[in-house]
Amino acid sequence: MALKQEMAKSLLKTASLSGRTKLLHQTGLSLYSTSHGFYEEEVKKTLQQFPGGSIDLQKEDNGIGILTLNNPSKMNAFSGVMMLQLLEKVIELENWTEGKGLIVRGAKNTFSSGSDLNAVKSLGTPEDGMAVCMFMQNTLTRFMRLPLISVALVQGWALGGGAEFTTACDFRLMTPESKIRFVHKEMGIIPSWGGTTRLVEIIGSRQALKVLSGALKLDSKNALNIGMVEEVLQSSDETKSLEEAQEWLKQFIQGPPEVIRALKKSVCSGRELYLEEALQNERDLLGTVWGGPANLEAIAKKGKFNK
């Protein structure tokens, strides 16, 4: 009888999980597959034809990773190889169990100018554009769901796809002289890496429509005023601004990795799931930390909390 009850509970829990919940529960699942006309291996072979630059990842002992977009001769524009490397780094970060936070930055004091025009010119058909769109939406959605608190450090320019990448981060910081611009309208297209959807969530539909349809140049003051960024840093120096960003991020990642990661997962479910599903996911995540080492240690040390 007891076994049957346990089996029934298990089946009920499985049945209650929607497709969206399963996507959040399982690491590495993507938005698009062959059922959507997306053939990942073919897209990878195409992107491999456009070399240049690199995506570099440095993982610190304090649980902060630094992801650097490194193609300075082209203002850190994304080559095809960089798009592939970004996916590789996201997979590596999905498996970094000691990680708590992530800073995304560009090399040589500028963020990114978006896609490399050499690749854009060669991928001229609607089918090509949609294939790269699905590849980058897959990658950046997985990036957004990482159980790490992420911040984009915007130095210099974040243009086009570079601007879109900033929206995949949980937070954005700008240096005083930096600018963000969604230039897609000027190129005769719309954002295709998920930037529109995420921008609406960040600043609302009215402001997003202004920013996109006006191809507005958002300096640090304007971006702060409309809620695009959290803070304007004091320094524009490459090294000093990175140090500032690290100090800013540290206030949100104090504590054991398992707690920080569970918090980020819970916020993701609250954003992406319906209320009932999000509450159930919150319950499941609580079960991973309640009565755990950090919980027991905190209770023993502090009672409930310090005022």
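Residues numbered from 1 in each chain as written. Predicted model: local features only at pLDDT ≥ 70, side-chain atom pairs only at ≥ 80, totals over all residues. Heavy atoms only, no water.

Draft legend 1. Main features of the overall build of the chain. Looking only at helices and strands, the chain features 14 helices and nine strands. Across the 307 residues that make up the chain, the buried fraction comes to 45%. Working note: accessible area of the chain is about 16200 Å², and carbon and sulfur atoms make up 55% of it. (Helix = DSSP H or I, 4+ residues; strand = E, 2+ residues; numbered from the N terminus. Buried < 20%, exposed > 50% of the residue type's maximum accessible area, 1.4 Å probe, protein only. Areas by Shrake-Rupley, 256 points an atom, 1.4 Å probe, with all protein chains shown as cover.)

Draft legend 2. Quick peek at a nonpolar patch on the surface. Where nonpolar side chains cluster on the molecular surface, the patch consists of Leu117, Val120, Met187 and Ile189 and spans about 370 Å² of accessible area. You can see Leu117 is positioned in helix 5 (residues 117-122). (Patch = residues over 30% accessible without salt bridge, like charges linked within 9 Å, V, L, I, M, F, W, Y side chains within 5 Å. Salt bridge = Lys/Arg side-chain N within 4 Å of Asp/Glu carboxyl O.)

Draft legend 3. Representation of the sheet that holds strand 4 (residues 149-154) in the model. Read from one edge to the other, the open sheet built from six strands follows the order 1-2-3-4-6-9, with strand pairing classed as mixed. Pairing within the sheet leaves two strands with one partner each, and these edge strands are strand 1 (54-59) and strand 9 (231-232). Both strand 4 and strand 6 (residues 171-174) contribute to a ladder of four bridges, which runs parallel. Bridge assignment links Val154 to a residue of strand 6, and that residue is Met174. (Pairing = 2+ DSSP bridges.)

Draft legend 4. Structural view of the nonpolar core. The biggest cluster of nonpolar side chains holds 51 residues, and the ones touching the most others in it are Phe143, Phe165 and Ile180. When neighbours within four sequence positions are excluded, Phe165 is seen to be in contact with Leu67, Leu69, Phe78, Leu86, Val104, Phe111, Leu140 and Phe143. Counting residues in hydrophobic clusters, the runner-up holds 14 residues, among them Ile64, Ile66, Ile103 and Leu242. (Core = buried A, V, L, I, M, F, W, Y, C linked by side-chain atoms within 4.5 Å. Contact = heavy atoms within 4.5 Å.)

Draft legend 5. Region of interest: the confidence of the model for the chain. In the predicted model, the chain carries a mean pLDDT of 90, and 89% of its residues have values of at least 70. The model gives residues 7-16 a pLDDT under 50, and that stretch makes three contacts with residues more than four places away or in other chains. (pLDDT = per-residue confidence, 0-100.)

Draft legend 6. Highlighting the sheet that holds strand 7 (residues 179-181). Strand order in this open sheet of three strands is 5-7-8, and the pairing throughout is mixed. The open sheet is flanked by strand 5 (157-159) and strand 8 (217-219), the only strands paired with a single partner. Neighbour to neighbour, the strand axes of the sheet diverge by 15 degrees on average, direction disregarded. Direction of pairing for strand 7 relative to strand 8: antiparallel, over a ladder of three bridges. Following the sheet pairing, Ile180 is matched in strand 8 by Leu218. (Axes fitted to C-alpha atoms, helices over the stretch in contact; angles between N-to-C directions.)

Draft legend 7. Just the packing of aromatic side chains, in detail. On inspection of all chains with the given rule, the structure shows seven aromatic pairs. Taking 5.2 Å as the distance between ring centres and 80 degrees as the angle between the ring planes, the aromatic pair formed by Phe143 and Phe165 counts as edge-to-face. With a gap of 22 residues between them, Phe143 in helix 6 (residues 126-144) and Phe165 in helix 7 (residues 161-167) connect regions that are remote in the sequence. Chaining the aromatic ring pairs together yields one cluster made of Phe78, Phe111, Phe143, Phe165 and Trp193. (Phe/Tyr/Trp six-rings, centres within 6.5 Å; stacked < 30°, edge-to-face > 60°.)

Draft legend 8. Structural detail: the environment of Glu42. Of note, Glu42 is situated in helix 3 (residues 40-47). In this structure the C-alpha to C-alpha distance between Glu42 and Ala131, which are 89 residues apart in sequence, comes to 9.4 Å.

Draft legend 9. Region of interest: the side chain of Thr141. Along the chain, Thr141 falls in helix 6. Among the polar contacts listed, one links the side chain of Thr141 to the backbone oxygen of Gln137, at a separation of 2.7 Å. (Polar contact = N/O pair within 3.5 Å; in protein donor to acceptor, adjacent residues only side chain to side chain.)

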